[in-house]
Amino acid sequence: MFAAILFLAAGPGVAAAKPVPFTSVHLQDAFWAPKIEINRTVTIPYAFQKDEETGRVRNFENAAATLRGEDPTGKPLPGYPFDDTDVYKVIEGAAYSLSVHPDPKLDAYVDGLIAKIAAAQEPDGYLYTARTINPKHPHEWSGSERWVNEEEQSHELYDLGHLYEAAAAHYQATGKRNFLDIAIKSANLLDATFGPGKRKIWPGHEIVEMGLAKLYRVTGEVRYLNLAKFMLDCRGGKPNGQYWQADKPVVDQTEAEGHAVRAAYLYSGMADVAALTGDTAYIDAIDKIWDNCVDKKLYITGGIGSTGAGEAFGRNYQLPNMTAYCETCAAVGNDFWNQRLFLLHKDARYVDVLERTLYNGLLSGVGLDGKSFFYPNPLESRGNNERSPWFGCACCPGNITRFMPSIPGYFYAQEGDDLYVNLFAQSTADVVMDSGAKLRIEQKTQYPWDGKIRIVVNPATPEHVAINVRIPGWAREEPVPSDLYRFAQPNKATPALKVNGKPTPIKLDKGYAVLDRTWKKGDTIDLDLPMPVRRIVANGHVSDDRDKVALQRGPILYCAEWPDNPGGKVRNLLLADDAQLKAESRPKLLGGVTVLTGHSEALAFDKEGKIERKTQAFTAIPYYAWANRGKGEMEVWLADREDAAYPTPIPTIASTARLKTSGGTNPSAINNLNEPRFSGDETSFFHWWPKKGTAEWAEYTFPSPTTVSEVQLYWFDDTGRGECRIPESWRILYRDGSEWKPVETSDAYGVEKNKYNRVTFKPVTTTGLRLEVKLQSTWSAGIEQWKVK
């Protein structure tokens, strides 16, 4: 099957392990099996429905009509030049599902889609509906030439990468060539266009490299592999090209930088090509990049990409929580990357990162209903985040549909006489070793809620196999394989191992307990991983996490969310170091979870401005399950010192006013009483980006006529990180009947950073104030807080 050869090295490649195919691993657990079934029965059909409703399928019909010289029927999708990939990714997910659950109706529907895709392909193999329908597509072209501006913004090759991955999956799942032939025709065009002595190109959005490597594995056509390597080697030499990972040749890159999804796909493609060609320079480069990421740029959820400006990695240790981007696609890419590095190095630290991402920052991307999604996955919310039924740019739901059914393929891997047990769940697996030895492996466990795991080994005949059982980093006092995070206190309980009921010393080799022996039918391995509630603290360089702790039990990271805590608030909570927490099973909550319960202190300001403390019940839920009960406050990093919490403020004229703005993002930040630390504080801010040089406004409407005489503005300015600067000018007006009139003041309207700009004026009794702002010609602007007295 497809997964059996997914990472198979060939020719001069390096000695890499290969995963046991997902079709050979059968989950019967109460955690992953239901989620994979929801993906099959809900998410995949829902995604196909949305692709129909939003015109993504119609794009192929319109492209086919254009090729026939006819006018397109229906309005072409006006949006994104990568909409083709949304269809390809869902087909890939459907193919994986068909491999395990034959479904004639789904099979026929997919064949119908493939027929539409085939009709949209130009005679020489070119396939990109945005350009076929409209050669002067306004999103990125000024002319009709193919591959124009491909090196930066065009997504022709990005689309094809997803096409190749989907076509390979469909062929391996069904044995049909209808989709594979489309991919081969396209890849042959690429090979005729690009390469030594032909055109040079590096894709602006990577993934075609992974797709070409996958086509090579399926077809054996070495020119596809050579083309993947050629495109990788074309990168570099672009000034300020970090966003595209194009500033340096790939072998000279040492830091995770730029657009996080692009980056993860690039590093995964490099790992594929390295495994197949033996290019150790690629391996050296991605090892250094991985070190930088895990040492300085990885969220405790496993998420990557800290800033929405460019959906990108930030600076070292720049890991804000409220504005964490952590795109769902980046989490998928992070697991692709870490799986490939594990297969190259056979080191459990890569699986530690993979597992952390899988159970937390990736799984959070899809709702429990299978049809509500997160694009960014922040680690803190004031209540302005909610799951979406779909997105204009729908890359993340499509990635979920294709990743979820492949999860069983991450549990085991093998090379030679070594079998690696990487993940844990109630399951059976049929393993064929390189020697031809056949084993059935059965896991009996309630993981991730319980750390007791029994592995039953059933070889067809007695077999000598080294079974490498992963001892997770979280059970070895390593939240992540770096000093970026650590447990606040050591755990006295340590993992225990038994073979056939006899205690066995754990001798670790690259994070694995190696059990090298001859196995007979019915032999057992018992692994006991203690699961106390652990507090995690961040490296002191991570300013946003100072004097705070995160909670983890087993592989599950927790958060405090509004429905479970008195008063519906959590950002005002202080969790003292000596506060006792216990695990409690809640079978009927959020699909069945284990929660953490205890007591915390709720902080609030009194009338004199002093902080009052109130002890109250505390509950934390798994982070992946947040925002399934509506909008409200959420926190992963909880204050364990008073100055790190956000005491509930006393309501003010501004905070109780009704707010309207002339567009922009996160308007509630303007009057939420969150005190900024400096003008670049990304904990909470409003901005008008991408508007620049325009006249904008914000308005307060008071519940009743109110006398006011002062305003204070704290401007948002992200110099060095984004495109917001202090405004060119501003002024305050008050509502007089149906008119807005300027207030009378002799004060200057200040635009200083890192302070409140105060303006006093002749008192007015009014029902509203209006803030008018003129943005600088080349910059946008934003607000941290707008106070009124």
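For the structure, see preceding data.
Everything quoted here is computed from the prediction, not taken from an experiment.

Turning our attention to the overall build of the chain. Of regular secondary structure, the chain possesses 14 helices and 31 strands. Over its C-alpha atoms the chain spans a radius of gyration of 28 Å, differing by no more than 12% from the 28 Å that the globule rule assigns to 789 residues. Along the first, second and third principal axes, the C-alpha set of the chain runs to 90 × 70 × 50 Å. Burial statistics for the chain: of 789 residues in total, 61% are counted as buried. If you take every contact in the chain between residues at least 6 apart in sequence, the share linking residues at least 24 apart comes to 71%. Of the roughly 28600 Å² of accessible surface on the chain, 50% is carried by carbon and sulfur atoms.

Across its 18 residues, helix α3 (residues 83-100) extends 27 Å between first and last C-alpha, which sits within 8% of the 26 Å expected from 1.5 Å per residue. Of all 18 residues that make up α3, 16 are buried, and the element is covered over most of its length.

What the rule picks out here adds up to 35 aromatic pairs. Taken together, a centroid distance of 5.2 Å and an interplanar angle of 55° make the contact between Trp 32 and Tyr 359 tilted. Of this pair, Trp 32 sits in helix α1 (residues 32-53) while Tyr 359 sits in helix α13 (residues 348-362), and the two are 327 residues apart along the sequence. Both rings, one in Tyr 46 and one in Phe 373, keep their centres 6.4 Å apart while their planes meet at 25°; by these two values the pair is stacked. Of the two residues, Tyr 46 sits in helix α1 while Phe 373 sits in the loop between α13 and β3 (380-382), which places them 327 residues apart along the sequence. Of the two residues, Tyr 46 and Phe 373, neither departs from the other in class, the shared state being buried. Aromatic ring contacts, followed pair by pair, group Phe 31, Trp 32, Tyr 359, Phe 424, Tyr 447, Trp 449 and Tyr 624 into a single cluster.

What the rule picks out here adds up to 54 salt bridges. With a closest N to O distance of 3.1 Å, Arg 534 and Glu 477 form a salt bridge. Taken together, the positions of Arg 534 in strand β16 (residues 534-538) and Glu 477 in the loop between β9 (463-470) and β10 (485-487) put the pair 57 residues apart, joining distant regions of the chain. Owing to a relative accessible area of 8%, Arg 534 belongs among the buried residues under this scheme. With a relative accessible area of 33%, Glu 477 lands in the partly exposed category. The closest approach of N and O atoms between Arg 641 and Asp 577, which form a salt bridge, is 3.1 Å. Taken together, the residues Arg 641 in the loop between β24 (638-639) and β25 (658-661) and Asp 577 in the loop between β19 (573-574) and β20 (582-586) connect sequence positions 64 residues apart. By relative accessible area, Asp 577 is classed as partly exposed at 44%. Each member of the salt-bridge network shares a partner with another, and the members are Asp 352, Glu 355, Arg 470, Arg 476 and Glu 478.

Let's shift gears to the nonpolar core. Ranked by size, the top nonpolar core spans 215 residues in total, and within it Trp 32, Tyr 164, Phe 179 and Val 636 carry the most contacts. By residue number, the principal contributor to this core is helix α10 (residues 260-277), which donates 13 residues. When near neighbours in sequence (up to four residues on either side) are disregarded, Val 636 contacts Ile 300, Leu 379, Val 549, Ala 550, Leu 557, Tyr 558, Cys 559 and Tyr 623. In this structure, Phe 702, Ile 732, Ala 781 and Ile 783 belong to the second largest nonpolar core, which totals 29 residues.

Strand order in the open sheet formed by 6 strands is β1-β4-β5-β9-β14-β13, with mixed pairing between adjacent strands. The open sheet has two edge strands, β1 (18-19) and β13 (508-509), and neither has a second partner. As paired elements, strand β5 (residues 418-421) and β9 share 4 bridges and run parallel to each other. Of the residues in β9, the one forming a bridge with Val 421 is Val 469. Against the sheet, α13 contacts β9 and β14 (512-519), and its axis sits at roughly 50° relative to β9.

A few words on the sheet that holds strand β6 (residues 427-432). Sheet architecture is open: 7 strands sit in the order β2-β6-β7-β8-β15-β11-β12, paired in antiparallel fashion. Edge positions in the sheet fall to β2 (25-27) and β12 (502-503), since each has one partner strand and no second. Note: strand β8 (residues 452-459) against strand β15 (residues 523-528), 6 bridges, orientation antiparallel. By the bridge assignment, Val 456 is partnered in β15 with Thr 524.

Time to look at α1. Three or four residues apart is the spacing at which side chains of an α-helix point the same way, because the helix has 3.6 residues per turn. Between the first and last C-alpha of α1 there are 29 Å, a value that for 22 residues agrees with the 32 Å anticipated at 1.5 Å per step. Residue Asn 39 marks the point of greatest curvature in α1, where the axis turns by about 40°. If you check which residues of α1 are buried, you get Trp 32, Lys 35, Ile 36, Asn 39, Thr 43, Ile 44, Tyr 46, Ala 47, Phe 48, Lys 50 and Asp 51. Residues of α1 that are buried in the fold lie against β2, α2 (56-67), α3, α4 (104-120), α13 and α14 (395-403).

Now for the state of the cysteines. All chains considered together, the criterion is met by 0 disulfides. Of all cysteine sulfurs, the one in Cys 326 lies closest to Cys 559, which takes part in no disulfide; the gap is 14 Å.

This next bit is on the pairing of strand β29 (residues 739-742). Where strand β28 (residues 729-736) and β29 come together, 4 bridges link them in antiparallel fashion. Of the residues in β29, the one forming a bridge with Leu 733 is Pro 742. Once β28 ends, the chain turns through 2 residues before running back antiparallel as β29, passing Gly 737 with a positive phi of about 65°.

Our next topic: unusual backbone geometry. Here Tyr 447 and Pro 448 are connected by a cis peptide whose omega angle stands at 15°. Its place among the elements puts Pro 448 in the loop between β7 (438-445) and β8. Along the chain, Trp 689 connects to Pro 690 via a cis peptide bond; the corresponding omega equals 15°. Secondary-structure assignment places Pro 690 in the loop between β26 (686-687) and β27 (695-716). With a phi close to 65°, Ala 627 is a non-glycine residue in the positive phi region. Following the sequence through the fold, Ala 627 ends up in the loop between β22 (611-622) and β23 (633-635). The phi torsion at Asn 666 lies on the positive side, around 65°, for a residue other than glycine. Summarising the element assignment, Asn 666 is placed in the loop between β25 and β26.

The next thing to look at is a nonpolar patch on the surface. Where nonpolar side chains cluster on the molecular surface, the patch consists of Phe 605, Ile 611 and Ile 650 and spans about 210 Å² of accessible area. In this structure, Ile 650 sits in the loop between β24 and β25. Looking at Ile 650, the relative accessible area reads 36%, which means it is partly exposed.

Looking now at the pairing of β14. A regular strand places its side chains so that they alternate between the two faces of the sheet. Sheet analysis places β9 next to β14, joined by 8 bridges and oriented antiparallel. What sits directly across from Val 465, in β14, is Arg 517. The pairing of β13 with β14 spans 2 bridges and is classified as antiparallel. By the bridge assignment for β14, Leu 508 is matched with Ala 513.

This paragraph deals with the environment of Leu 439. Note on placement: Leu 439 falls in strand β7. The class for Leu 439 is buried, based on a relative accessible area of 3%. Separated by 23 residues in the primary sequence, Leu 439 and Pro 462 have C-alpha atoms spaced 9.5 Å apart. Leaving out residues up to four positions away in the same chain, Leu 439 has contacts with Ala 429, Asp 430, Val 431, Met 433, Val 457, Asn 458, Pro 459 and Val 465.

What counts, and at which threshold
- Residues numbered from 1 in each chain as written.
- Predicted model: local features only at pLDDT ≥ 70, side-chain atom pairs only at ≥ 80, totals over all residues.
- Heavy atoms only, no water.
- Helix = DSSP H or I, 4+ residues; strand = E, 2+ residues; numbered from the N terminus.
- Rg over C-alpha atoms; globule rule 2.2 N^0.38 Å.
- Buried < 20%, exposed > 50% of the residue type's maximum accessible area, 1.4 Å probe, protein only.
- Contact = heavy atoms within 4.5 Å.
- Areas by Shrake-Rupley, 256 points an atom, 1.4 Å probe, with all protein chains shown as cover.
- Expected span 1.5 Å × (residues − 1).
- Phe/Tyr/Trp six-rings, centres within 6.5 Å; stacked < 30°, edge-to-face > 60°.
- Salt bridge = Lys/Arg side-chain N within 4 Å of Asp/Glu carboxyl O.
- Core = buried A, V, L, I, M, F, W, Y, C linked by side-chain atoms within 4.5 Å.
- Pairing = 2+ DSSP bridges.
- Axes fitted to C-alpha atoms, helices over the stretch in contact; angles between N-to-C directions.
- Bend = angle between axes of the 7 residues up to and from the residue.
- Disulfide = S-S within 2.5 Å.
- Patch = residues over 30% accessible without salt bridge, like charges linked within 9 Å, V, L, I, M, F, W, Y side chains within 5 Å.

Structural measurements only, silent on function.
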